[in-house]
Number of protein chains: 2
Amino acid sequence: MRTSIATVSLSGPLTEKLTAAARAGFDGVEIFENDLLASPLGPEEIRSRCADLGLSIDLYQPMRDVEAVPPEEFARNLRRARRKFELTRRLGADTVLVCSSVSPLAVDDDALAAEQLSALADAAREYGVRVAYEALAWGRHVNTYDHAWRIVQAAGHPALGTCLDSFHILSRTSGPKDLDGIADIPGEKIFFLQLADAPLLAMDVLQWSRHYRCFPGQGGFDVADLVRRVLATGYDGPLSLEVFNDVFRQAEAGPTAVDARRSLLVLQEAVGAAALPEPVVPTGIAFAELVTPDPEPVAALLTALGFARTARHRGKPVDLWQQGEARVLVNTGRAALPHSRRPSGGTPVDGAGLAAVGLESPDPAGAARRAEALLAPVLPRRRATGDAPLDAVAAPDGTELFFCATGDPRLPDWLDDFEPTAHEPAAPDIRRIDHLALTQPWHQFDEAALFHRSVLGLRAQESVDVADPYGLLRSRAVTNDDGSVRIALTVGAAPTDDTLRAQHIALATDDVVAAARRFRAAGGRLLPVPANYHDDLAARFDLPDEELDTYRDLGILYDRDAHGVFRHCYTRTVGRVFFELVQRDGGYRGYGAQNAPVRLAAQHAVRHLTGG
Amino acid sequence: MRTSIATVSLSGPLTEKLTAAARAGFDGVEIFENDLLASPLGPEEIRSRCADLGLSIDLYQPMRDVEAVPPEEFARNLRRARRKFELTRRLGADTVLVCSSVSPLAVDDDALAAEQLSALADAAREYGVRVAYEALAWGRHVNTYDHAWRIVQAAGHPALGTCLDSFHILSRTSGPKDLDGIADIPGEKIFFLQLADAPLLAMDVLQWSRHYRCFPGQGGFDVADLVRRVLATGYDGPLSLEVFNDVFRQAEAGPTAVDARRSLLVLQEAVGAAALPEPVVPTGIAFAELVTPDPEPVAALLTALGFARTARHRGKPVDLWQQGEARVLVNTGRAALPHSRRPSGGTPVDGAGLAAVGLESPDPAGAARRAEALLAPVLPRRRATGDAPLDAVAAPDGTELFFCATGDPRLPDWLDDFEPTAHEPAAPDIRRIDHLALTQPWHQFDEAALFHRSVLGLRAQESVDVADPYGLLRSRAVTNDDGSVRIALTVGAAPTDDTLRAQHIALATDDVVAAARRFRAAGGRLLPVPANYHDDLAARFDLPDEELDTYRDLGILYDRDAHGVFRHCYTRTVGRVFFELVQRDGGYRGYGAQNAPVRLAAQHAVRHLTGG
């Protein structure tokens, strides 16, 4: 019996995974689409690498949400599928996995599903490929193996079979009887068998309670509603937090207790039992401050990006670099970077780090009052001679947040502390800071979101998982209403590596292609993106060839949502900071999370090549 | 509105938790029973520490499984409860939490529950204490807040009220309507309100699938049954592993791939698709080998335990220390300790470490053949002049497993390599090694259990969670049928600290009191156990006072299961190793896991005092 393993089961870049699988004696692999997209090797190179290692490619998983959709949607899916079948052939694989649809467009119509899967199999056959249809346990309409099999049976197509997956089957069965239907499927119609086990406890309310509780406002419960109801009974005892949480058990008690109290203050405010100063929502990002022992690498990067050193602080070794409304302070007078609460033992990272953020505030003192009421450490106002007294607090990750009013005649202006230089920005490519991405210490992801939400009055978006070659990141953005303040909070999957995670500053441009070209012409180095990524773009979106070639050339990534289009590319990393150039069109709201695994893999590859 | 926090929500020893809660501005705390038991402070000291910090003690949580049980069981519960009410009074608290029973003895009888809770409240009132009854979401018969309230209402006792907990309520409600019943409870009968939030995703099959899959045999699914059914259809494609797992994503690919292949080999064997050499179950522990740069601290400890240096290796700097059938090798010729696969960045620990285990085997060569077939690295047989050729393999954590036959005339004897000294063991306190506890690197807990199960033919017991002051450990024992080989595999909650976790050797004695006394008389230092622990023992078990005094004096811990009684105590730690003296009576099967949090806290306290 041949054995195989999906590349998603192993850690590292694709080549490390393939080597490990071969060394362990597997006969073949399933290539997971993200691993292919993130790999610098083309399909033929992957095929020949596998052949050298004695591995067959038994399955390729490039498609989801194919079937039981309206005709025009299916036509798009079929067009994409043909590209993927071609790719499958180039890989030397003969089976493509199609999971049952989770798309909101999918309808509950087995006949339509069978008809479209049959058409898909027709196309597959032209490329010498067959299609294995699998029921996802959370498929929208098809979520059991026997349902998927009924559809395959109805289609009656030789190039269409089913794929059985032990997780999807056993996670939904209540006993062995539910498996009796397997005996009704002819073996030759089972095109593939995927195996995984899982702990039973993860679904259990006891385990949920013992390991995953969090402070009110950090989870998904409407705790405020419950508290309102209890207070309405006349209850006058304490509000008491009882939280069993694996992460809190390891985090330093002092900061956790502060987070806990903040959560209760926010809750008390929500139920009308406490009056706090109103939130003052920031209206923009005044500046981002980098600290670095050596200003040169950052200065070179900023110069290539079109920034000019427009001013220097009157009393401190701080330069202001500006372009449009984007301002970056480069501070060589401070050594310390923000640290996680408990030393993680990771390699210390020298070089530039993002230490402070200036937030435009219509009422800086009010913003600081609310922050203080919500237990944010208030930082000493900088009262050196000539320094404007700035209100500042520390975020949970140690980042300093300054509440500023740039150019408001009624308020002290932080820019008054700076002596202008003769320089003017050369190229008006950058309009402003689009967003900042701040890496949170492992213990503080949920706290950080609650902090930014409650203290700054920002709104938290959904948390998304992003696969890095060596682990899973979580990312959650907090924004104000018009998107002029966007902060992406990110955390690694384990406490070991948070100091290694990069922070970044995303710069908004109206023309990312021009900005990237100018950056490169000025000697800047863009992050190279694997060709497989752009091949996939061609399959996913109907983009003209020359546009794709431009993206390929510049390493520009592309995403679309219901509102608009997002194009973005990245500089190389200096210290722990890199820059992103982003162009948002038509009101695109996201951050290109879909592309993040490719970016992360590309950054790992560069680090590997340069050893840094 | 007063605010409070349960000590279980924070990390560290009790005093650190109290200080953190006070600093953050909480008005009070709930004292969690384990925190009290593990604290060196007595109840009055805790009370006065809280008073100094400006904290009230709002709740004490000492009891579970009280109500709706047979009369004789309830009499025992009431006796225990009186002790706890007395303790509550000493703490200066006025409310005790009683959670709805999860005991298999509990019956579904609201009238009985009300009657017994009323009797409990009668007793509480004598101590000036009141009882708050709460429905656990996983309570055996009572698991909703309205059910708990109906019972409280039926009891109609002034010292009995209900406690509402947002987790237990919201984890079971499908919408706000389910909360309407709260309005029917008079506020003065709500004695307490506990708050926690929780992520909704932990219950979702999609999240389960994306984060918690594992290799076959590492989880709870009957994957073999599924595979048998699929093979019966005539399926002849590959068995392919598709595992999404947050931990594997971070673990080095090579060893993960080997674990994956081993899991498939075991699965193939189970379904009759592969023939492997039969497992050769070990029949005892021949020796445990410590490596240490400095033999003196270990030698002093072994001497005080009654071991004698009975032999020395003919060619290597290895001493054999023996007592009864317990043999410990002390090796000063090797520097390396087993390492986790990926350096965790924790502080390197010098000093003694457990590097190898000798397993008595009826067929050492056969055992090695099976290990090799299951991809365990086979170690070079020691073929120095005069060395018996021993079969040895490496366990996933790097521990070397030697397959030996001590004193079997048909087989080479490892003892032949040792030159006896004139020493004989002085005190025959120790009979043999009862069990070994091996700390596993973070990535390898499930792999380690599968390895020991499949390679050595041992049986894996249930995994248990054990609270350490700074995190949650998991522990799982693997044993042979007669219990002559027991290995407890333990793992920390995070990758940072595995090198700091101690390993230990548990020594079986027929009289732990005599052994502990002799150890102390010989200058050995036992781990001191907090007095609160023994006060609780008095409440839980009907032990004579002088017996309790003895346990108190020697730091002996006590446990009971359906089969018998377990008494055990600990030496101080040398390097990363300590010894445990254990007395099993009447077929007790466990390892005193109930007592592990107290032991871990005591070890943290000692380390804190001595700085090491």
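Above this text sits the structure in question.
Bear in mind the structure is a predicted one, so any value in this text is a computation, not a measurement.

Conventions adopted
- Residues numbered from 1 in each chain as written.
- Chains lettered and ligands numbered in written order.
- Predicted model: local features only at pLDDT ≥ 70, side-chain atom pairs only at ≥ 80, totals over all residues.
- Heavy atoms only, no water.
- Pairing = 2+ DSSP bridges.
- Helix = DSSP H or I, 4+ residues; strand = E, 2+ residues; numbered from the N terminus.
- Axes fitted to C-alpha atoms, helices over the stretch in contact; angles between N-to-C directions.
- Contact = heavy atoms within 4.5 Å.
- Buried area = accessible area lost by both parts, 1.4 Å probe.
- Salt bridge = Lys/Arg side-chain N within 4 Å of Asp/Glu carboxyl O.
- Nonpolar A, V, L, I, M, F, W, Y, C, P; charged D, E, K, R; others polar.
- Least-squares fit on C-alpha atoms with pLDDT ≥ 70 in both.
- Polar contact = N/O pair within 3.5 Å; in protein donor to acceptor, adjacent residues only side chain to side chain.
- Phe/Tyr/Trp six-rings, centres within 6.5 Å; stacked < 30°, edge-to-face > 60°.
- Buried < 20%, exposed > 50% of the residue type's maximum accessible area, 1.4 Å probe, protein only.

**Q** Honestly, the sheet that holds strand 24 (residues 577-585) of chain A in this entry has me stumped. Any pointers?
**A** The strands that make up a sheet pair up through hydrogen bonds in the backbone, lying either parallel or antiparallel. All names here are of chain A. Strand order in the open sheet made by the eight strands is 18-19-20-17-21-24-23-22, with mixed pairing throughout. This sheet does not close on itself; its edge strands, each paired only once, are strand 18 (459-468) and strand 22 (557-560). Between one strand and the next, the sheet's axes are offset by a mean angle of 25 degrees, whatever the strand orientation. Here strand 23 (residues 565-570) runs beside strand 24; their pairing, made up of six bridges, is antiparallel. In the strand pairing of strand 24, Tyr-570 is matched with Glu-580.

**Q** How should I be thinking about the interface of chain A and chain B in this particular structure?
**A** How big an interface is tends to be stated in terms of the accessible area lost upon association of its parts. On the chain B side, the residues contacting the 120 residues of chain A number 120 residues. When the buried surface of chain A facing chain B is broken down by residue, Leu-195, Asp-197 and Arg-249 of chain A rank first, second and third, together holding 8% of it. Where chain A meets chain B, there are four salt bridges. Arg-229 of chain A is the salt-bridge partner of Asp-180 of chain B, the closest N and O atoms lying 2.9 Å from each other. No other element matches the ten residues that helix 10 (residues 253-270) of chain A contributes to the side of chain A that touches chain B. Its residues assigned to classes, the side of chain A that touches chain B comprises 70 nonpolar, 30 polar and 20 charged. For strand 8 (residues 239-241) of chain A and strand 1 (residues 3-6) of chain B, the ladder comprises three bridges, and the chain directions are parallel. Bridging from a neighbouring strand, Leu-241 of chain A pairs with Ile-5 of chain B of strand 1 of chain B.

**Q** Looking at this model, I keep getting lost on the relation of the copies chain A and chain B. Mind explaining?
**A** Both copies of the chain are related through a single rotation about an axis accompanied by a shift along the same axis. Superposing chain A onto chain B takes a rotation of 180 degrees combined with a translation of 0.0 Å along the rotation axis, leaving an RMSD of 0.0 Å. Taken together, the rotation angle and the small translation identify this as a two-fold axis. The share of interface residues of chain A whose copies in chain B are also at the interface is 100%, consistent with both copies meeting through the same surface.

**Q** What is the right way to read the side chain of Asp-165 of chain A from this model?
**A** Residue placement: Asp-165 of chain A occurs in strand 6 (residues 160-165). Here Phe-167 of chain A takes part through its backbone nitrogen, which lies 2.7 Å from a polar atom of the side chain of Asp-165 of chain A. Those residues in contact with Asp-165 of chain A that lie beyond four places of it in its chain are Glu-134 and Gln-194 of chain A together with Arg-213 and Glu-242 of chain B.

**Q** Help me understand the packing of aromatic side chains in this model?
**A** The description of two aromatic rings rests on the distance between their centres and on the angle between their planes. Under the counting rule described, the total for this entry stands at 18 aromatic pairs over all chains. Between the aromatic rings of Phe-287 of chain B and Phe-402 of chain B, the centroid separation amounts to 6.1 Å while the plane-to-plane angle is 45 degrees, which identifies the pairing as tilted. Of this pair, Phe-287 of chain B sits in strand 9 (residues 284-291) while Phe-402 of chain B sits in strand 15 (residues 400-404); the two residues are 115 residues apart in sequence, bridging distant segments of the chain. Each of the two residues, Phe-287 of chain B as well as Phe-402 of chain B, counts as buried. Members of the aromatic cluster, connected to one another through ring pairs, are Phe-287, Phe-402, Trp-414 and Phe-418 of chain A.

Purely geometric stuff here, so don't read any function into it on its own.
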